[in-house]
Amino acid sequence: MTIEVSEKVSSENVGDAIKKAKEKETASTEQVDEAVKKTKENEQQLIYVGPPVKGVQRYSVFKGGYPKQVENHLEACPAFKQLFVPIQKLSEVQMRLNDSGTVESMFYNKVIEYFEGVK
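Residues numbered from 1 in each chain as written. Predicted model: local features only at pLDDT ≥ 70, side-chain atom pairs only at ≥ 80, totals over all residues. Heavy atoms only, no water.

### Observations concerning the overall build of the chain
Condition: The numbering of helices and of strands both runs from the N terminus, where a helix is a DSSP run of H or I of at least 4 residues and a strand a run of E of at least 2. Relative accessibility under 20% of the residue-type maximum defines a buried residue, over 50% an exposed one, and the middle range a partly exposed one, all with a 1.4 Å probe and only protein chains included. By definition, residues are in contact when any of their heavy atoms lie within 4.5 Å. Note that accessible areas follow from Shrake-Rupley with a 1.4 Å probe, and for residues the cover is restricted to the protein chains shown.
Within the chain one finds five helices and three strands. Tracing the chain from N to C terminus, the helices and strands come up as α-β-β-α-α-β-α-α. When burial is assessed residue by residue, the chain has 26% of its 119 residues classed as buried. Restricting to contacts in the chain with at least 6 residues of sequence separation, those with at least 24 account for 47%. Put simply, the chain shows about 8800 Å² of open surface, and 49% of that area lies on carbon and sulfur atoms.

Written as structure tokens, this is what we have:
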């Protein structure tokens, strides 16, 4: 942080200058944090672990979020959205999919039911 002070400035004005400089620094730090967050969201890779359906095959990888061709299905079937997982969680989710008593297994079956009714 850089603060310029002239010799004829009162101590009150110096305090104001420091306050303004800190506000600018905080604002720019917040802007940088927001930009980093958006970049990470756009770079996140999701892998689809559900059953093969129209527009998406099992284990397809998508960079930058959900595939555009299935957006309407994501809204209509919340379970479908849950089967797009970060690549880092693939092995964990895959193990849970193999256990019929888990939420992930329930999502898988709900997606099958949903897409059977979609033409």
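We are not done yet, so read on.
### Here we look at the nonpolar core
Put simply, the rule is: Among the buried residues, those of types Ala, Val, Leu, Ile, Met, Phe, Trp, Tyr and Cys that are joined through side-chain atoms within 4.5 Å form a nonpolar core.
Core analysis: the largest hydrophobic core is formed by 21 residues, its most contacted members being Y48, V56, F80, L83, F84 and V111. Of all the secondary structure elements, the ones that give two or more residues to this core are β1 (45-48), α3 (78-82), β3 (84-86), α4 (90-97) and α5 (103-116). Residue contributions to this core peak at four residues, all from α5.

### A word on the pattern of salt bridges
Heads up, the rule is: Salt bridges, as used here, are contacts in which a Lys or Arg side-chain nitrogen is within 4 Å of a carboxyl oxygen on Asp or Glu.
Summed over the entire model, instances satisfying the criterion amount to two salt bridges. The residue E104 makes a salt bridge to R96 at a minimum N-O spacing of 2.9 Å.

### Observations concerning unusual backbone geometry
For Y59, which is not glycine, the phi dihedral falls at a positive 70°. Within the secondary structure layout, Y59 lies in the loop between β1 and β2 (61-63). Take Y59: its relative accessible area is 38%, and that puts it in the partly exposed class.

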